[in-house]
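Here is what each chain is made of, one letter per residue.
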Amino acid sequence: MLKLTVLVSGGGTNLQAIIDSIADGRITDTEIVQVISNNPKAYALERAAKAGIPALCISPKSYENRELFHEALLAQIRKADTDLIVLAGFMVVVPPSIIQAYKNRIINIHPSLIPSFCGKGYYGLHVHEAALAKGVKVSGATVHFVDEGTDTGPIILQKAVAVEQGDTPETLQRRIMEQAEWKIMPQAIQLIAHGKVHVRDGRTFIDPD
Ligand code: GRF
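The structure presented is a predicted model; accordingly, all values stated were derived computationally and were not measured.

Here we look at the side chain of histidine 128
Piece 1. In this fold, histidine 128 is placed in helix H5 (residues 125-134).
Piece 2. With relative accessibility at 1%, the residue histidine 128 sits in the buried group.
Piece 3. Other than its neighbours up to four places away in sequence, histidine 128 contacts Pro111, Pro169, Leu172, Gln173 and Ile176.

Overview of the sheet that holds strand E4 (residues 84-87)
Piece 1. Across the sheet, which stays open at both edges, the seven strands sit in the order E3-E2-E1-E4-E5-E6-E7 with mixed pairing between neighbours. Each edge of the open sheet carries a strand with a single partner, namely strand E3 (55-57) and strand E7 (155-162). If you compare each strand with its neighbour and ignore which way they point, the axes differ by 20 degrees on average.
Piece 2. Summarising the sheet, E4 and strand E5 (residues 106-110) pair through three bridges and their orientation is parallel. In the sheet register, isoleucine 85 faces E5, and the bridge partner there is isoleucine 106.
Piece 3. Packed on one face of the sheet, helix H2 (residues 43-50) meets strand E1 (2-8), strand E2 (30-37) and E3 and runs near 155 degrees to E3.
Piece 4. Strands in contact with helix H6 (residues 169-193) are E1, E2, E4, E5, strand E6 (138-145) and E7; relative to E7, the strand with the most contacts, it is inclined by about 155 degrees.

Let's talk about the packing of aromatic side chains
Piece 1. What the rule picks out here adds up to one aromatic pair.
Piece 2. Ring geometry for tyrosine 63 against phenylalanine 69: centres 6.2 Å apart, planes inclined by 45 degrees, an arrangement best described as tilted.
Piece 3. Residue classification places phenylalanine 69 among the buried residues on the basis of a relative accessible area of 0%.
Piece 4. The side chain of arginine 200 reaches across the aromatic face of phenylalanine 205, ending 4.2 Å from its centre.

A look at the packing of helix H1 (residues 13-23) against H6
Angle between the axes and distance between the axes: these two values describe a pair of packed helices.
Piece 1. Running from N to C, H1 and H6 cross one another at 55 degrees; their axes reach a closest spacing of 9 Å. If you check the angle between H1 and H6, you find them oblique. For the pair H1 and H6, the crossing hand works out as right-handed. Taken together, the residues of H6 that come into contact with H1 (itself represented by Thr13, Asn14, Ala17, Ile18 and Ser21) are Met177, Glu181, Trp182, Met185, Pro186 and Ile189.
Piece 2. Per-class residue counts for the contact of H1 with H6 are seven nonpolar, three polar and one charged.

About the criteria used
Residues numbered from 1 in each chain as written. Predicted model: local features only at pLDDT ≥ 70, side-chain atom pairs only at ≥ 80, totals over all residues. Heavy atoms only, no water. Helix = DSSP H or I, 4+ residues; strand = E, 2+ residues; numbered from the N terminus. Buried < 20%, exposed > 50% of the residue type's maximum accessible area, 1.4 Å probe, protein only. Contact = heavy atoms within 4.5 Å. Pairing = 2+ DSSP bridges. Axes fitted to C-alpha atoms, helices over the stretch in contact; angles between N-to-C directions. Phe/Tyr/Trp six-rings, centres within 6.5 Å; stacked < 30°, edge-to-face > 60°. Lys NZ or Arg CZ within 6 Å of the ring centre and 35° of its normal. Parallel < 35°, antiparallel > 145°, perpendicular 65-115°, else oblique. Left-handed = near helix turned anticlockwise from the far one by under 90°. Nonpolar A, V, L, I, M, F, W, Y, C, P; charged D, E, K, R; others polar.

Take a look at the structure:
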């Protein structure tokens, strides 16, 4: 049984996709042991509670400094016997202490086809604004392992989504969520739960079915 800690900051639609995929069997042998938000108002916390999943807030504002916040976060992740940390719209930079403790056991979803429109400053609607400003005809989403860089870890899955005439950052964001993010995040978890993802030389290799 793969035990997930899901870290969130906002609406939690990717969290919901994981919850639904576990409920309907698209993800098997996997359990969300807890959902942690840095933001007490995150709707994701309600989604977790509705699904009967332990949900808690660890806010940096409750700690004297960043280091103590990071220690509290890592302690809570460890307490629940986490196998895999899932960043599902988590707006906090994960510190090296957690990345090292969970090497190749942290995954993130990014709303573009990495290495386009990623790295520092590319989050939320900024990603889609940049894609539209460049005039790309295709964008998409990427699930990747998290390393010390920003959006630089080994890529697990990607899915392309068409950019349409007249798209706004908001319409493109929504289409990428519906057509890519909510699909490849559960798929990546299912692959990891069944030991099918291997990392070698900064790349992933996925066992065939
Ligand atoms: C998604 O667009 C995801 O790609 C990005 O943050 C957003 C989270 O949305 N990392 P939600 O909270 O899952 O609805």
